[in-house]
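# Chain and residue survey
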Amino acid sequence: MNTVELLVEDLHFRQQAMFSKDGTVDKRNKAHAIASVCPTYLVELTYGHVLQAIERQSSLSAIVKGMGSVIMRREKLADDPVQACHIGWCVLISYFETNILSYKGEHRKNSKGKRDKHPTYYIQVRNMDAIRELMQLVDKDNVDLFPLSHAPTNWEYNKFLHKETGVKLIKHAHEDAIKQVKHNDMTYLIDTLNKLNNTPWRINPFVFEVFKQTRNLKKTPFKYSKEVDREKKASLLVEVNAIEALAERNKDNAFYHLYNVDFRGRIYPNTAFLHEQSSDNAKGLLLLDNPVPLGENGFYWLCVHTANMWGNDKVSLDDRVKWVEDNFQTIRDYVDDPIGNDDWMDADKPLCFLACAAELDKIALWSTVRPVEDFPSCLPIYIDGSNNGVQHLVAMSKDEKIAPLVNLVPQELPGDVYMFIAEHTISRIGELMEETKQADKDKFTKFFEDWQAILANLRNVPERTERSRIAWQEFGKFKNHNYQYIQDSMPIYWSHITDKKVWRKTLKRNVMTLAYGGTERGMGQQIIDDTRDLSEYHRDMHDSWGYKLGRVVHSLCYEKLPGPAKMLGMFEQLALQENDKDVPIAYEQIVTGFPFVHSYREPEKKRVLLYYGEDQLKLNIQIWKEATLKKSKQKTGASPNIVHSLDAVHLTMVVHDADYEVTVVHDSFGCHAGNMGHMFEHVRHKFVELYDMDPLTHIMSQMDATHLIPEKGNLDVSSVKESDYAFA
C-alpha cells in the first residue's frame, strides 16, 4: 500500500471503533463528529496543515487545533476549540501509527526564565520520504492551504465567510469587527480582494528545473545547506520540499489563491509555501500567467529589479541599469550553464535573480528579430518601500530631518536608515570599549578560542549518548566559571566586527521592525537569529551578547529617530487611554471602511487530555473570551498594529486603483515589467493621497484622542512624488 492508503486504513479503523454494536455513533468519543466522514478526504484536507506545522515547528496543541478547525469548518460544525483538538488528534494519530511522525515533550522556559511545570509537545519527522510521497498522491484540490486550480468564487459584500470555502474574511477577528463587516461599506476592500483572487499564476519552467538540479549540490541557493541547527534545518527542508512538490503538481497549469485579511486589514493569500509572500525559494519560481509587452520602459525596470535581486540596490536607478548592462553577458552565461557557472547563487535573492537572468536572455534572443518593446513578459517585478514602517511614522510626524533617511524626499542617492543606525551603534560600542578593562580585552582571544572548541565538541558528539552528557557537563562548567566575564565582554565581542556592511546586515531587521513594536529583547533575538550564518565567529556568539546589543540598538533608534519615536510614544499613550476605558483600540479605517479592532483578549486556558497508547498528553489551549481585553498586549501592540493598518490601506489603494494586475507583499509592490513605469508613479501618488487625508487625525478622533498628537515637523509629504528611492 502507498502512504495515503496506509493513513486512510488506520484512520478508518479508528472511525469504525466510534460506532456501537447497534450501528449508532458513540458520542462519548470526543471525535465522533467525523465518524462517517470519508477518511481519504480527512487526510487530504489536513495534509497542508501538517506540512505547515512541521515547517513552523508549531506546538502540538496548535497543530491539532488547526487540523480540527479546518475539518469542522468544511463540515459546517459549530466552532468548538476543544472538540477541534480531539478531531485533529484523531487524524494526526494515523501519522504516528504509520511511523511517519512522532512527538516529543520539552519543558520550555517562561518569561521569568523558569522551566514550565508541564511539557510543551512538538512533532518530529521520522519518515521524510513518506511526507514527500504524500505530496505526490493527495488530490491537491482537496488540500486546504494549497494553491487552487481555478479562481475562487468572489467574496460577497457584507459577508464574513467565503461562500465556497468557509474561510473567514478577517483572521482572528474580534466580535465587534465581525458585526461591522455586515454593516460597513467595505466595497473598496472586497473589490480589491476579488481582483487578487482572479489573478492567475504559473511556474517558471527554467528556474524550476534549476531548483531541482541544485537541491543536493555542495553549493546551493538554499539556506538549509548552511544551517547547523538540526531542527531548523529540518524545517527549512520541509519548506523547500513542499515548494518543489507543489510546483511539480502545478507546473503545467495556471493556479490561484484565495486572499483574505488579518485584523489590521493586511492582505494575505490563504495558501502555504507556494505564493508571492513566501521566501525566495517560492518567489523565484513564480510567473504571472497573462503576459504583458515590455513597452517603452519595461526593459529599464526589469534591469532595476535584476540589480535589486543581486543586492546592488544602494546606488541610483540609472546605475543599477548600467550595472546590468555592464554585466549583461555574464548574466546570460548563468542561464547557459547554471550548474557549472554558479556565481548567481551569491545573489541576495538567488532564485529571483536567476529568473531575471532567464528573462533577460529571452529578451536578447527576441531582440534579434523583433522590437524589445513587444516582448511578452510574465515575470513579476517589485519595488519596495524604504523601511516602510518608519516611512509611515515619518509621514505622520512630518519629521523633515529623518525623511531623507527613508527616502521621502528627492535626493541623488538613496538614504539608508539601516547604515545610519549601524554607524551610531559602532560609535557606541567604541565608547563602551573605552570603559572596558585592558585585562579583559587581552583575555578575549584565548577565551573565545576555548569557547568555540567547546561548542564544536557539542555539535559533533552524537545526541543522547554518554559522550553527549559529558560534553554538556563541560559546557556548563566553562560557562559557569566564566559567567561574569561573559556578561562584561559584549563590547569586546562586537568590536571585532569592523565591516560596516556586516553591521548593516546585523541590525537591518532591528531598524525595520522598530515601527512594528520592536523591543530590546526582541531586537536581541533578531540579532542572534540573523547573524548565525554570517560566519563561524557570528555562529558561536553567546546569546547574551546579542541581547545586550539589542538594548543598545533599541536605545539608539529612539534617540536618533525623534519623529518616529514621538509617534510610537503617542500610540502607547493611546493604548493606556483605551485601557483606562476598558475597551480595545478600534476605528473604521480611512478609504477602505475596514473595521480595525485591536484583537488582543484575555485568554482562558483550557486543559485538553489526549491519549495515544499508554501516553496521556496534557495540552493547554487558549480560548479567547469575547468582550475581554488584554491590556498589556494592547499597550505593546498599539504602535505596530496601527502602522500595519496604514500600510494595509496604502497597499489596498494601490491594488484597487491600478487597471492592471498587481501582486502584494505588504510593503513591496509588484506587477509586470511593462506596467512598472506606471506603478512607480502610482504607488507614490497613492501614498501622498493617503496622507493628504490626514489618516492620523482620522484614527485619533474616533477615540477622542487628538489631544495626544504631538507637535509635528515641516515635511511636505507631497515631495514623495519626486523621490526616486521612496519605493524602489
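For the structure, check the block above.
Here we summarise the structure given alongside this text.

Cut-offs used in this document
Residues numbered from 1 in each chain as written. Predicted model: local features only at pLDDT ≥ 70, side-chain atom pairs only at ≥ 80, totals over all residues. Heavy atoms only, no water. Helix = DSSP H or I, 4+ residues; strand = E, 2+ residues; numbered from the N terminus. Rg over C-alpha atoms; globule rule 2.2 N^0.38 Å. Buried < 20%, exposed > 50% of the residue type's maximum accessible area, 1.4 Å probe, protein only. Contact = heavy atoms within 4.5 Å. Areas by Shrake-Rupley, 256 points an atom, 1.4 Å probe, with all protein chains shown as cover. Lys, Arg positive; Asp, Glu negative; His and termini not counted. Charge placed at Lys NZ, Arg CZ, Asp CG, Glu CD. Phe/Tyr/Trp six-rings, centres within 6.5 Å; stacked < 30°, edge-to-face > 60°. Polar contact = N/O pair within 3.5 Å; in protein donor to acceptor, adjacent residues only side chain to side chain. Pairing = 2+ DSSP bridges. Expected span 1.5 Å × (residues − 1). 1 Å grid on protein atoms, 1.4 Å probe; cavity = no way out; pocket = protein on both sides within 12 Å on 5 of 7 lines; lining within 4 Å. Points joined across faces, edges and corners; volume = space filled by probe spheres on them. Nonpolar A, V, L, I, M, F, W, Y, C, P; charged D, E, K, R; others polar. Axes fitted to C-alpha atoms, helices over the stretch in contact; angles between N-to-C directions. Parallel < 35°, antiparallel > 145°, perpendicular 65-115°, else oblique. Left-handed = near helix turned anticlockwise from the far one by under 90°.

## Let's talk about the overall build of the chain
A tally of regular secondary structure across the chain gives 28 helices and 15 strands. Here the chain has a C-alpha radius of gyration of 27 Å; the compact-globule value for 728 residues is 27 Å, and the two agree. Among the 728 residues that make up the chain, the fraction classed as buried is 54%. Pairs at least 24 residues apart make up 74% of the contacts formed inside the chain by residues separated by at least 6 positions. For the chain, the accessible area works out to roughly 32200 Å², and carbon and sulfur atoms hold 48% of it. Across the chain, the 90 positively charged side chains and the 103 negatively charged ones have centroids separated by 7 Å.

## Structural notes on the packing of aromatic side chains
Scanning the entire structure with this criterion turns up 38 aromatic pairs. Seen from their ring centres, Phe-444 and Phe-447 are 6.3 Å apart, and the 45 degrees between their planes marks the pair as tilted. Remark: Phe-447 and Phe-444 occur in helix H17 (residues 438–460); sequence separation between them is 3 residues, near one turn of the helix. Owing to a relative accessible area of 4%, Phe-447 belongs among the buried residues under this scheme. Taking the centre distance of 6.3 Å and the plane angle of 35 degrees together, the rings of Phe-448 and Trp-545 count as tilted.

## Some points on the side chain of Gln-277
Along the chain, Gln-277 turns up in the loop between strand S5 (267–269) and helix H10 (280–283). For Gln-277, a relative accessible area of 17% corresponds to the buried category. Among the polar contacts made by the side chain of Gln-277, one reaches the main-chain carbonyl oxygen of Ile-267 at a distance of 3.1 Å. Excluding anything up to four places from it in sequence, Gln-277 contacts Ile-267, Tyr-268, Pro-269, Val-664, Val-665 and His-666.

## Some words on the pairing of strand S13 (residues 615–624)
Summarising the sheet, strand S12 (residues 603–612) and S13 pair through 10 bridges and their orientation is antiparallel. Along S13, the bridge assignment pairs Leu-610 with Leu-617. The turn joining S12 and S13, which pair antiparallel and follow one another in sequence, is formed by 2 residues; a positive phi near 60 degrees is taken by Gly-613.

## Concerning the environment of Lys-171
Inspection of the secondary structure puts Lys-171 in the loop between helix H5 (128–137) and helix H6 (175–181). A relative accessible area of 26% means that Lys-171 is categorised as partly exposed. Remark: the alpha-carbon pair of Lys-171 and Val-261, spanning 90 residues in sequence, is separated by 6.3 Å. Filtering out sequence-adjacent residues up to four positions away, Lys-171 remains in contact with Asn-260, Val-261, Asp-262, Phe-263 and Tyr-268.

## Considering helix H1 (residues 3–16)
Compared with an ideal rise of 1.5 Å per residue, which puts 14 residues at 20 Å, H1 spans 20 Å between its outermost C-alpha atoms and is within 8% of the ideal. Contacts from the buried residues of H1 go to helix H2 (39–56), helix H4 (81–97) and H5. Measuring from the side-chain oxygen of the N-cap residue of H1 to the backbone nitrogen of Val-4 gives 3.1 Å; that N-cap residue is Asn-2.

## Description of the side chain of Gln-15
Position of Gln-15 among the secondary structure elements: in helix H1. Reaching out from Gln-15, the side chain makes a polar contact with the backbone oxygen of Ile-34 at a distance of 2.7 Å. In contact with Gln-15, not counting residues within four places along its chain, are Ile-34, Ala-35, Val-37, Pro-39 and Leu-42.

## A few points about the layout of surface pockets
By volume, the second largest pocket amounts to about 390 Å³. Contributing to the lining of the second largest pocket are 16 residues, with Asn-29, His-86, Trp-89, Ile-93 and Tyr-611 lying nearest its centre. For the lining of the second largest pocket, the secondary structure elements donating two or more residues are H4 and S12. If you tally residues by element for the lining of the second largest pocket, the top one is S12, at 6 residues. Classifying every residue of the lining of the second largest pocket gives 10 nonpolar, 3 polar and 3 charged.

## Regarding empty space enclosed by the protein
Across all of its chains, the model carries 2 cavities of 30 Å³ or more by this definition. For the largest cavity, the calculated volume is near 110 Å³. Looking at the largest cavity, it is lined by 13 residues, and the ones nearest its centre are Lys-283, His-305, Cys-352, Pro-380 and Tyr-382. The set of elements that each furnish at least two residues to the lining of the largest cavity consists of helix H11 (298–310), helix H14 (350–366) and strand S9 (380–384).

## Describing unusual backbone geometry
Its identity is not glycine, yet Asn-99 carries a phi of approximately 60 degrees, on the positive side. Tracing the sequence through the fold places Asn-99 in the loop between H4 and strand S1 (101–106). Residue classification places Asn-99 among the partly exposed residues on the basis of a relative accessible area of 42%. The phi angle at Asp-704 is positive, at roughly 50 degrees, despite the residue not being glycine. Residue position: Asp-704 is located in the segment after helix H28 (695–701).

## Some details on the packing of H1 against H2
Packed helices, taken two at a time, are described by the angle their axes make and the gap between the axes. Where H1 contacts H2, the two axes come as close as 9 Å, and the packing angle between them is 120 degrees. For the element pair H1 / H2, the angle class is oblique. At the point where H1 passes H2, the crossing takes the right-handed sense. Between H1 and H2, the residues in contact are Leu-7, Val-8, Leu-11, His-12 and Gln-15 and Pro-39, Thr-40, Leu-42 and Val-43, respectively. Looking at the contact of H1 with H2 residue by residue, the class counts come to 6 nonpolar, 3 polar and no charged.

Keep in mind these values describe shape, not function.
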